[in-house]
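Coordinates in review
If you want the building blocks of each chain, they are given just below.
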There are 2 protein chains.
Amino acid sequence: MKHNVEELLSTHGVKPTPQRMVIAEYLLGTHSHPTADEVFQAVKTKLPVSLSRATVYNTLNALVAAGVVQEVTTEAGRVRYDANMSDHHHFVDIETGDVIDIPAETLNQIKLELGDKYKVRSFHVTIFGEVVGGKAGNTGE
Amino acid sequence: MKHNVEELLSTHGVKPTPQRMVIAEYLLGTHSHPTADEVFQAVKTKLPVSLSRATVYNTLNALVAAGVVQEVTTEAGRVRYDANMSDHHHFVDIETGDVIDIPAETLNQIKLELGDKYKVRSFHVTIFGEVVGGKAGNTGE
DNA sequence: GTCCACGTTTAGACTTATTCTAAATACAGA
DNA sequence: TCTGTATTTAGAATAAGTCTAAACGTGGAC
Ligand SMILES: [Mn+2]
Ligand SMILES: [Mn+2]
Ligand SMILES: [Zn+2]
Ligand SMILES: [Zn+2]
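Right, let's walk through the structure included here.

Neighbouring residues of DNA strand C: 16 residues in total, closest Thr-17, Arg-20, Ser-50 and Thr-55 of chain A together with Tyr-57 of chain B. Expressed as a percentage, the sugar and phosphate content of the atoms of DNA strand C within 4 Å of the protein is 77%. Between DNA strand C and Thr-17 of chain A there is a distance of 2.5 Å, counted from a phosphate oxygen to a side-chain nitrogen or oxygen. The contact in question runs from a phosphate oxygen of DNA strand C to an N or O atom on the backbone of Ser-50 of chain A, over 2.2 Å. Counted by class, the surface near DNA strand C contains seven nonpolar, six polar and three charged residues.

All names here are of chain A. With 14 residues, helix 4 (residues 53–66) extends 20 Å from end C-alpha to end C-alpha; this agrees with the ideal 20 Å at 1.5 Å per step. Among the residues of helix 4, those classed as buried are Val-56, Thr-59, Leu-60 and Leu-63. All buried residues of helix 4 project into a common sector of 100° when viewed along the axis, lining one side. Opposite the buried face of helix 4, at more than 90 degrees from it, the exposed residues are Asn-58 and Ala-65. Where helix 4 begins, the capping side chain belongs to Ser-52, and its oxygen is found 3.1 Å from the backbone nitrogen of Ala-54. At the C-terminal side of helix 4, Gly-67 shows a positive phi close to 80°.

In this section: the pattern of salt bridges. Between side chains of opposite charge, a pair can form when the charged atoms approach closely. Counted by the stated rule, this structure contains four salt bridges over all chains. One salt bridge connects Glu-38 of chain A with Arg-80 of chain A, and the closest N-O pair in it is separated by 3.8 Å. Pair noted here: Glu-38 of chain A is in helix 3 (residues 36–43) and Arg-80 of chain A is in strand 2 (residues 79–82), with a separation of 42 residues, a long-range link. Between Arg-53 of chain B and Asp-37 of chain B there is a salt bridge, and its shortest N-O distance comes to 2.5 Å.

Bringing the coordination of the zinc ion (ligand 3) into the picture now. All names here are of chain A. Binding of the zinc ion (ligand 3) to the protein goes through His-33 (NE2), Asp-82 (OD), His-88 (NE2), His-90 (NE2) and Asp-101 (OD), at separations of 1.9 to 2.3 Å. For the zinc ion (ligand 3), the single-chain donor residues occur in sequence as H-x48-D-x5-H-x1-H-x10-D. Of this pair, His-33 sits in the loop between helix 2 (18–28) and helix 3 while His-90 sits in strand 3 (residues 88–93), and the two are 57 residues apart along the sequence. Considered together, His-33 and His-90 belong to a single accessibility category, that of buried residues.

The rules behind the values
- Residues numbered from 1 in each chain as written.
- Chains lettered and ligands numbered in written order.
- Predicted model: local features only at pLDDT ≥ 70, side-chain atom pairs only at ≥ 80, totals over all residues.
- Heavy atoms only, no water.
- Near = heavy atom within 4 Å.
- Polar contact = N/O pair within 3.5 Å; in protein donor to acceptor, adjacent residues only side chain to side chain.
- Nonpolar A, V, L, I, M, F, W, Y, C, P; charged D, E, K, R; others polar.
- Helix = DSSP H or I, 4+ residues; strand = E, 2+ residues; numbered from the N terminus.
- Expected span 1.5 Å × (residues − 1).
- Buried < 20%, exposed > 50% of the residue type's maximum accessible area, 1.4 Å probe, protein only.
- Arc of directions from axis to C-beta.
- Salt bridge = Lys/Arg side-chain N within 4 Å of Asp/Glu carboxyl O.
- Donors = N, O, S within 2.8 Å, 3.2 Å for Na, K, Ca; no water.

Dropping the structure here:
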């Protein structure tokens, strides 16, 4: 499992250092859309050396720039990170705060509905609601 | 014009002080989706007394709580304020950074497309693109 | 194998947006 | 007029994120 993370970073032009590997590994293994601080807390014990917040931010920015993960914003002012790079939107459970992936195909009509006045380059839908019947499978993997 | 702002605040349970009036007046008169600091800069000269940033933030939060304006987030970490309380989404011009209102009817299919797995309470679409043929009228008023 | 240049990491300082605090003001009603 | 309460103010505090300068680690040149 560590091996394909190493390869993933390499093929994206990010040198796979221990700090970067453990951060990428964590992001690849969760669907929770963690904040930078949540990444820091989750990962700092997994290294023999002390981990700097600057390294976490540097790594997250490097992974975003390399296209390995993406930033997601739901509430104002909180950046979250997401290793799901498929084309998808987000559903925020207003009871739990959970952020759930919604595949883009599910919302395909949006571009068509906008008509010809606007040339859509990209868009993102954030939906707030409740999951019918408890925890939803995290689609859009 | 000052009179209906006063009334608007009163009917929403916000006591119309000079500071609050001038802030609300500014928000009602623009389509630019300003940040808190842009509000502060625009408004500070319009009062005989010095204006505190705390008052701007207090007022903006009070106006949001009272339902007079809403918060809008486009880029991560920047909260913008919008006196357009009609049901609408936002189009971000990726050339100019302008934030343009899109009426909700234009994107009506979204709820239907989501199916029965998710109960949608609200959603917001942020679209990045280019306006075809220069400046678009600010719809959704 | 040694050395070095360069990329990476670290601790902590810094910046910026926002909230908090405590004191000063304003003012509606008794 | 008096007084309690709401509001405003300046500045301190907080929190997310960036920057800095020093220390570290390592892959090649030799
Ligand atoms: Mn970023
Ligand atoms: Mn707020
Ligand atoms: Zn996602
Ligand atoms: Zn708007």
